[in-house]
Amino acid sequence: MGKCDGRCTLLVICSLQLVAALQRQVFDFLGYQWAPILANFLHIMAVILGMFGTVQFRFRYLIFYAVWLVLWVGWNSFIICFYLEVGNLSQDRDFLMTFNTSLHRSWWMEHGPGCLVTPVLDSRMAPDDHHVITVSGCLLDYQYIEVLSSAIQVLLALFGFVYACYVSKVFQDDEDSFDFIGGFDSYGYQPPQKSSHLQLQPLYT
């Protein structure tokens, strides 16, 4: 029962990760943020492998999933630092998220809860650059929405890592204790003796 509990919990965590990653992928597509889109895609593939490894008792898939979660925590920590402008990071360097292929930023910048967007028409860059706008009245700034999304990803990844290590340990213990026929017995395997249907009679001379 304990084994099933660990596997079931890990499957629930993977399902939550999958839903959160798909939701995040949609909004990153809307904002044309290509670096997060690529990272989200890799994360979705890793989570699917983790779910497959959990269901099919594949030890190596769980190890790959656990290693990926470490990288995923690092990526989301970078996202948090980027939007909070920790250290030398600045949101003005939006090419970090778009690979310098577009002028777009987070979708939540213009579509956050309560946000009122007003275009600046007298700018010489308008309407080519959608950044030439003023945003006001937001109940929650887009930076904090992105930070909250990344924090949820980090939390799910930490739980997933712990349970992936636990379930993989259970799988490994089961493989070590599996008793192959004649493999770990204290006595050697003895093939059945051939029995003869002919009875030998003593010969008198």
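Residues numbered from 1 in each chain as written. Predicted model: local features only at pLDDT ≥ 70, side-chain atom pairs only at ≥ 80, totals over all residues. Heavy atoms only, no water.

Peer 1: What am I meant to see in a nonpolar patch on the surface here?
Peer 2: Residues Leu-38, Phe-41, Leu-42, Met-45 and Ile-48 make up a contiguous nonpolar surface patch of roughly 440 Å² in combined accessible area. Position of Leu-38 among the secondary structure elements: in helix 2 (residues 34-55). With relative accessibility at 46%, the residue Leu-38 sits in the partly exposed group. (Patch = residues over 30% accessible without salt bridge, like charges linked within 9 Å, V, L, I, M, F, W, Y side chains within 5 Å. Areas by Shrake-Rupley, 256 points an atom, 1.4 Å probe, with all protein chains shown as cover. Salt bridge = Lys/Arg side-chain N within 4 Å of Asp/Glu carboxyl O. Helix = DSSP H or I, 4+ residues; strand = E, 2+ residues; numbered from the N terminus. Buried < 20%, exposed > 50% of the residue type's maximum accessible area, 1.4 Å probe, protein only.)

Peer 1: How do you make sense of the state of the cysteines when you look at a structure like this?
Peer 2: When the sulfur atoms of two cysteines share a covalent bond, that bond is a disulfide. What the rule picks out here adds up to one disulfide. Each sulfur of the disulfide joining Cys-115 and Cys-138 lies 1.8 Å from the other. Handedness here is read from the sign of the S-S torsion; for Cys-115 and Cys-138, about 125°, the answer is right-handed. In this pair, Cys-115 sits in the loop between helix 5 (108-111) and strand 1 (116-119) while Cys-138 sits in the loop between strand 2 (133-136) and helix 6 (142-177), placing the two residues 23 residues apart along the sequence. (Disulfide = S-S within 2.5 Å.)

Peer 1: What's the story with unusual backbone geometry in this structure? I'm lost.
Peer 2: Phi at Tyr-32 takes a positive value of approximately 55°, unusual for a residue other than glycine. Relative to the assigned elements, Tyr-32 resides in the loop between helix 1 (2-30) and helix 2. With phi around 55°, Glu-85 is a residue other than glycine that occupies positive phi space.

Peer 1: Is there a simple way to explain the environment of Leu-18 in this structure?
Peer 2: Mapped onto the fold, Leu-18 is located in helix 1. The residues touching Leu-18, leaving out its near neighbours within four places in the chain, are Ile-44, Val-47, Ile-48 and Met-51. (Contact = heavy atoms within 4.5 Å.)

Peer 1: Is there a simple way to explain helix 2 in this structure?
Peer 2: Because an α-helix completes one turn every 3.6 residues, residues spaced three or four positions apart along the sequence face the same direction. Spanning 22 residues, helix 2 covers 32 Å between terminal C-alpha atoms, matching the ideal 32 Å at 1.5 Å per step. Listing the buried residues of helix 2 in full gives Ala-35, Pro-36, Ile-37, Ala-39, Asn-40, His-43, Ile-44, Ala-46, Val-47, Gly-50, Gly-53 and Thr-54. A positive phi of about 60° marks Phe-57, the residue just after helix 2. (Expected span 1.5 Å × (residues − 1).)

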